[in-house]
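Listed below, chain by chain, are the residues.
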Amino acid sequence: MTRPAPPTKVAIVTLGCGRNEVDSANAAGLLAASGYEVVDDPDHADAVVVNTCAFIEAARRESVETVLDASGLKEHGRAKAVVVMGCLAERYTEELRAELPEADAVVPFADYARLSEVLGGTLGDPPTAAATPAVGSAVPGRAALAPPAGRRALPLVFPTPPGRSFPARRPVGGPVAYVKLAEGCDRDCSFCAIPSFRGPFRSRRPTEVLDEVTWLAGQGVSEVVLVAENSTSYGKDLGGRSALIQLLRELAGVDGLRRARLQYLQPDELAPGLLEEMAANPVVCSYFDLSLQHASAPVLRRMRRGGSRAAFLDLVARVRALDPDAAFRSNFILGFPGERAADVRELEGFLEDARLDWVAFFPYSPEEGTAAVALDGRVPARTARARVERLQELHERLLAGTQATWLGRRLEVLVERVDDHGAEGRSFREGPESDGVVRVPALTGAAVGDYVEVEVTAADGAELLARPVPVPR
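Residues numbered from 1 in each chain as written. Predicted model: local features only at pLDDT ≥ 70, side-chain atom pairs only at ≥ 80, totals over all residues. Heavy atoms only, no water.

K.L.:
What is the right way to look at the confidence of the model for the chain in this model?
P.N.:
Low pLDDT means the predicted coordinates in that region are not meant to be read closely. Model confidence for the chain is summarised by a mean pLDDT of 90, while 92% of its residues fall at 70 or above. For residues 126–153, every residue scores under 50 in pLDDT, and the model assigns this stretch 68 contacts once sequence neighbours within four places are set aside. (pLDDT = per-residue confidence, 0-100. Contact = heavy atoms within 4.5 Å.)

As structure tokens, this is what we get:
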């Protein structure tokens, strides 16, 4: 009797933000439903799907390098095909097909629903129009691609299984999962090209989000990270932003859900009602991921953004009045056109006053098709990098003080890793992958997904060291 052939194995490599994590989970669910076996290790896969990022030049370069690394498996490993999806594939579809022959197929957003068909074409089945292999020869400068003019993204289309309100997704296999609130962006920031390829803001229906979170909780997920380009815009196209407050209240009733974490909050969209809900809701983490970008009003206006040092300090103060222990994170761009030394000092003063928990700094990246590329006052790249390093050093000094305030205090930690050296996890203060961690060397008998109460004993940079609090008999 002839044995059936084993299923084709596919690995998905995800770059970029939490929105891409969701797309990869949906792609994995779609491929699994189509008969593929999704594996974690590209070395053990017949095909590798690279979900790319195109936010800034460094992200594009990393995406191309990852595709090239994956293509090396076709020569020295098991893989027979490399497929490119994600923002790079959407923003530069034809350029990649012409200039990146290492990719066997380039899949823009509109073709996500046909991903299994595309993959079949790369592995020997008759290719479809969506699966047309990349052609042409490599040319110098392929990482510096120009976006097509005037493109707008179509809504992502992942098939929804019968009887389910949300697209198929691969079971997470861990206690944390990302969930999308919306697609696209309506803002007009002068430095950002995302609206040109992600399209306008489109909220998901609250019932769809709630059903997906409920399903994830049934799979063992106890923390969901809610993401969108602007999470605070959620519901504005569904009748009003109060929809986000109502959704958070409904999430509090999901059986098995311990934490809901909101990311990508626009400061000028943070209504008092939302702040109050985030501080009072027992499931929502008092964690404020603020999209600030700078603290100098003149720089912010050139970025086509509102706010100022004083306005942002007032926002932080209002949150701390509701919850003195609230955690904050943000990102800042240094070297934006027209930025002066005085603007950098203004940002330094804000950081010293605000004492944010987690901060990331990036040198300005000129993006084709954005208004900022035409601005005067270009800051030399070397100067921008020096400013980044200077503010990173400042934040490291400030972080030491912030972390020290937790010495001797208790936190509830979600265990995410256990080894011979103890356990590691996160409290409400730390977002997954981007912030610090809490290490508990003396913790024994714990498993990934457990919640344990700990007492902080020391701080080491972004890490807190803690000991478990004995459970009363």
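What follows picks up the thread again.
K.L.:
Before we go on, may I ask you to explain the sheet that holds strand β10 (residues 259–262) in this structure?
P.N.:
Strands belonging to one sheet form pairs held by backbone hydrogen bonds; the direction of such a pair is parallel or antiparallel. The strand order across the open sheet built from three strands is β6-β9-β10, with neighbouring strands paired in parallel fashion. Each edge of the open sheet carries a strand with a single partner, namely β6 (176–180) and β10. If you compare each strand with its neighbour and ignore which way they point, the axes differ by 25 degrees on average. The pairing of β6 with strand β9 (residues 223–227) spans five bridges and is parallel. Bridging across to β9, Y178 finds its partner in V225. Strands in contact with helix α1 (residues 18–33) are β6 and β9; relative to β6, the strand with the most contacts, it is inclined by about 95 degrees. (Pairing = 2+ DSSP bridges. Helix = DSSP H or I, 4+ residues; strand = E, 2+ residues; numbered from the N terminus. Axes fitted to C-alpha atoms, helices over the stretch in contact; angles between N-to-C directions.)

K.L.:
Any chance you could explain the layout of surface pockets here in plain terms?
P.N.:
Empty space within the second largest pocket amounts to approximately 670 Å³. As for the second largest pocket, its lining consists of 21 residues, and the residues nearest its centre are E21, A25, R170, V172 and V176. Taken together, the elements giving at least two residues each to the lining of the second largest pocket come down to β1 (9–14), α1, β2 (37–39) and β6. For the lining of the second largest pocket, the element with the most residues is α1, which contributes four residues. Tallied by class, residues from the lining of the second largest pocket come to 12 nonpolar, three polar and six charged. (1 Å grid on protein atoms, 1.4 Å probe; cavity = no way out; pocket = protein on both sides within 12 Å on 5 of 7 lines; lining within 4 Å. Points joined across faces, edges and corners; volume = space filled by probe spheres on them. Nonpolar A, V, L, I, M, F, W, Y, C, P; charged D, E, K, R; others polar.)

K.L.:
Which parts of the structure should I look at to understand the environment of V469?
P.N.:
Positionally, V469 belongs in the segment after β18 (463–468). Take V469: its relative accessible area is 15%, and that puts it in the buried class. Spatially, the C-alpha atom of V469 lies 9.6 Å from that of L443, the residues being 26 residues apart in sequence. Sequence-distant contacts of V469, that is, excluding residues within four places in its chain, are made with R410, E453, V454 and E455. (Buried < 20%, exposed > 50% of the residue type's maximum accessible area, 1.4 Å probe, protein only.)

K.L.:
Would you mind showing me how to read the environment of L399 here?
P.N.:
Structurally, L399 is set in helix α13 (residues 381–404). For L399, a relative accessible area of 9% corresponds to the buried category. For the pair L399 and G461, spaced 62 residues apart in sequence, the C-alpha to C-alpha distance is 7.1 Å. Apart from residues no more than four positions distant in its own chain, L399 is found in contact with D357, W358, G461 and A462.

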